[in-house]
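Breakdown of the fold
If you want the building blocks of each chain, they are given just below.
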Amino acid sequence: MRGNEPVALGSRAREVLVALVESAGKVVRKSELRERVWPDTVVEEGTLRVHIAALRRALGDQRTASRYVENVTGHGYRFVAPVTSLARDPSAAVEQARIGETPHSLPASLSRMFGRELVVATLTERLRERRFMTLVGPGGVGKTTVAVSVTHVLYPTYPHGVCFVDLASVRDPQLISATVAAALGLSMVARDATSSIVASLKDKQILIVLDNCEHLIDGAAVLAERLLGGASGVHILATSREPLRAKGEWVFRLGPLELPPPSATVSAAAAFPAIQLFAERVAASCESFELTDADVPIVADICRRVDGLPLAIELAAARVDLLGIRGLAARLDDRLRLLTRGRRTALMRHRTLRATLDWSYELLSPFERAVLRRLAVFAGSFDVASASFVAAATDGDVAAGGPTDVFEALSSLGAKSLLGVHAFADHSVYQLLETSRAYALEKLANSAEDVEIRRRHAMLCCTWGASAPPQELQHAEDWLAANGQKIDDVRAALDWCFSADGDAALGAALTAQSAPFWFHLCLLNEYRERLVRALDTLTNTLPADPSLELQLNLALGNALVYTRGSCAEATKAFATALELAERLDQTLYRKRVLWGLWVDRIMAADYRSAVDLGERYRRLTTNGRRAGVVGDRMMALAHHLHGGQGIARHHAERVLRGLAESPEASTWDPSVQFVRGTVDHRVAAHAVLAPILWIQGFPDQALQASRDSVRSALTLGHALSLCYGLTCVSGVALWRGDLDEARRQVAMLLEHASRHALSYWQFWGRCLELVLTWRESGVDSDSRLDLFRDPRCTPLHIEALGTLVEDSVTSEVLERAKSNLAGWCAAELLRAEGEALLKRSYTNAAKAETLFEESLEVARRQGAMSWELRAAMSLARLRQSRGAAPAAFRLLSSAYGRFTEGFETADLTAARSLLLDLAVVRRMVRRA
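Read on for a plain summary of the structure. (Residues numbered from 1 in each chain as written. Predicted model: local features only at pLDDT ≥ 70, side-chain atom pairs only at ≥ 80, totals over all residues. Heavy atoms only, no water.)

Comments concerning the nonpolar core
One finds L375, W598, W761, W824 and W867 to be the most contacted residues of the largest nonpolar core, which totals 170 residues. Those residues within four positions of W761 in sequence are excluded, and the remaining contacts are Y562, L720, C723, Y724, T727, L749 and A753. Membership of the second largest hydrophobic core comes to 51 residues, among which are L154, F164, L237 and V282. (Core = buried A, V, L, I, M, F, W, Y, C linked by side-chain atoms within 4.5 Å. Buried < 20%, exposed > 50% of the residue type's maximum accessible area, 1.4 Å probe, protein only. Contact = heavy atoms within 4.5 Å.)

And the structure:
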């Protein structure tokens, strides 16, 4: 007994327990136990281990809590719980035996239950109040186990006991009442014994459990209503894969076992019932099994892939002794064949996962079966409209049914626990459990409609992409919540389209139409590979389709520039797309291609062409705030990089004003709708405004703009926008001399770019990380060489590095500065080269002075006060060293005096210190 509850033990396990308790605290050798329990039989050690495991389960033996039986490795077992001997009163023993008798069938709890304690407590409480509860859930979720536990808790509260009736083996609904009568111990002759049962129970208080009602649903409902209506003291607990829909019924849905996150440690995972069940079942067959931190993510994934169903978890655990944890995980895709080692004592439909699903499938109507197997093409969740598109019958279907019938089938399949149903305020979404989907996919593959259903599914995916309206990134989270899961269906549809039995033409169209998903979810590396496959198929095996070829080349160009930066493949794709757009006279696509080419030229550091492309785009746009926002954004960045900081600032501020004045301006212009997953307008405007402001001499405003950029990107939760903003913030922080801020932002940039496989932004992060290293320990020539050899490295990267670390200027970018190709930083690159000449030898002073003067002239012409200040400091130091301190003072004080903010930044602090030194020298000269 455990308290007042009897503990069910087999005879062998009970004999093992008696032997251990008799020697409590001492080791009982394995050989002694075998001789005592199996005196006339030769048994293997594994047999004893199985019975020890069963004994531990029955006792509730836990490794971390209550302990009863301890394994002493190499010797035997020891009973370690406290044992107290009590003087026995024979009459008390007789009374205890009488209390323990059950007037009706009450099954024993043969195995320990995991994670259902709250469920049992809830059902126990509700049954007292509501009389009639139905426990509903999919096959293998543990409904019977929970029901048995409830009966053991409630048994003492019913004066006339509990009657547990297993209906699994009953096939004729008319035999239900006879089965219940037999369980109650009533002798009945009539075929319908309901009236006699009601009469016998009229004055009794009893709990009747009707287990496994799903195949006798109507008969069970009728019986329950008559019992409850005719006997007021009767309470009923039913288990079924769908509600009985009887009068007075309260439904309780039993869900899967709770799972830990993949990152959980052993100690954290041990608190989750799915892991506890898996570990115990493995230990029962592999006594040496210990769950490690390395195993936890794999075990959690195994439990997740079998939907957290206790039966499936047990079946999976039974395979670990043969396959190991990792071998089981590797083979789990074939779960219907793999999970077949159930207990021999289990019901036939619980011995394998397939048998459990067969039981449910056979209970469906022909049309419900057809709908279930058709729905298996959905890799994720779906709504009624999507289900009707794919599953509604067509002419010639044996299982005929239209959209209304599909809706009814969805409701029925949800009620039967074959579909998960998630209800929202205005709609519901459905999803198959992975185990049910694997089963239904087999049924679909073996049917004559497999190809047709998969084609419908691919066509549906096309409509998702084609009908997706332009989305503002400010609503990205809402969009992702509503549409993000559809990417799994798009993947599945594309894989089928390009398979041997698929439809390649449909696959090429879907590749183009699905662009919003790939870009908005930042899955551009994967999308790039799918675009290459679609273009190859379109070019080599399908009839010419210039419009589709245009869309695919445009998508490929964008996918390339946003992952690899400017490259020959991207430029070629854009050039092809532009030629096709002009040939087809597609103004909309010409604008989209111009946008893509503009991005490509920016990344290639071809700033003059970027300005021209921005102008071409603006000439193609009609009047309107959205079109103006896009054009201003293009012009802001292009002019900034070309060296026109004043006009660049004008355009950047126009973008922000447009977004503030007209909310609709934040949405993407249809001309760039295709790449709505690129950087958000507000993020981009702040990001380009920050370096403009710094160069113009407003360090504090630049810092605020850069932080606004990152803040907006974080609010959106959009990876590309965030990487763009973080690159800007890091650069401004380094110009300001705030290394701590730069380290934080660079670390965040690297983390997000790596997580989303955005190699272009990963490379920016690597560049900025090296700058931090070089600032602390000097430029390492090998690391600089490795960086410049990277195929992702462009002149823009080297130019940026030249403004951050003087020793990193190369002859190539210096030539670009002298040729006015590196407009935005030409002044700083010329100055940095002058400093490098002086470091090598003071004999280069004349050349250095010429470079400083050229730098000063370029900075003044551009209105670049920060570059002018740096050039003035370099020239002032050189002139001071030549004895011209008064002239140096006048030069530097003129540049410093025009600043109105940022006086704590590195450059202004250094300038102030140099001015003090020059002032001292100037006074000394005057005194002399």
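Next comes the rest of the write-up.
Here's the deal with the packing of aromatic side chains
Each aromatic ring pair is summarised here by two numbers: the centre-to-centre distance and the angle between the ring planes. Tallying each qualifying case throughout the model produces 14 aromatic pairs. On the basis of an interplanar angle of 50 degrees and a centroid distance of 6.3 Å, the ring pair of Y68 and F79 is categorised as tilted. With Y68 in the loop between α3 (45-59) and β2 (69-72) and F79 in strand β3 (residues 76-79), this pair connects stretches of sequence that are 11 residues apart. Arranged with centres 5.4 Å apart and planes meeting at 5 degrees, the rings of W518 and Y527 form a pair that is stacked. Classification of W518 by relative accessible area gives buried; the value is 0%. The ring of Y361 has R369 lying over it, and the distance from NZ or CZ to the ring centre is 5.6 Å. (Phe/Tyr/Trp six-rings, centres within 6.5 Å; stacked < 30°, edge-to-face > 60°. Helix = DSSP H or I, 4+ residues; strand = E, 2+ residues; numbered from the N terminus. Lys NZ or Arg CZ within 6 Å of the ring centre and 35° of its normal.)

Describing the side chain of E368
Within the element layout of this structure, E368 appears in helix α17 (residues 366-375). There is a polar contact of 3.0 Å between the side chain of E368 and the backbone nitrogen of S365. Setting aside anything within four residues of it in sequence, one finds E368 in contact with A409, S412, L413 and K416. (Polar contact = N/O pair within 3.5 Å; in protein donor to acceptor, adjacent residues only side chain to side chain.)

Description of the pattern of salt bridges
Two side chains bearing opposite charge may form a pair once their charged atoms approach each other closely. Across all of its chains, the model carries 54 salt bridges by this definition. Two residues, R766 and D790, come together in a salt bridge whose shortest N-O distance is 3.3 Å. Pair noted here: R766 is in helix α37 (residues 759-777) and D790 is in the loop between α38 (781-789) and α39 (795-804), with a separation of 24 residues, a long-range link. Accessibility expressed as a relative area gives 13% for D790, which makes it buried. Three or more residues are tied together by salt bridges with common partners; here these are E806, D807, E828, R831, E835, K839, R870 and D907. (Salt bridge = Lys/Arg side-chain N within 4 Å of Asp/Glu carboxyl O.)

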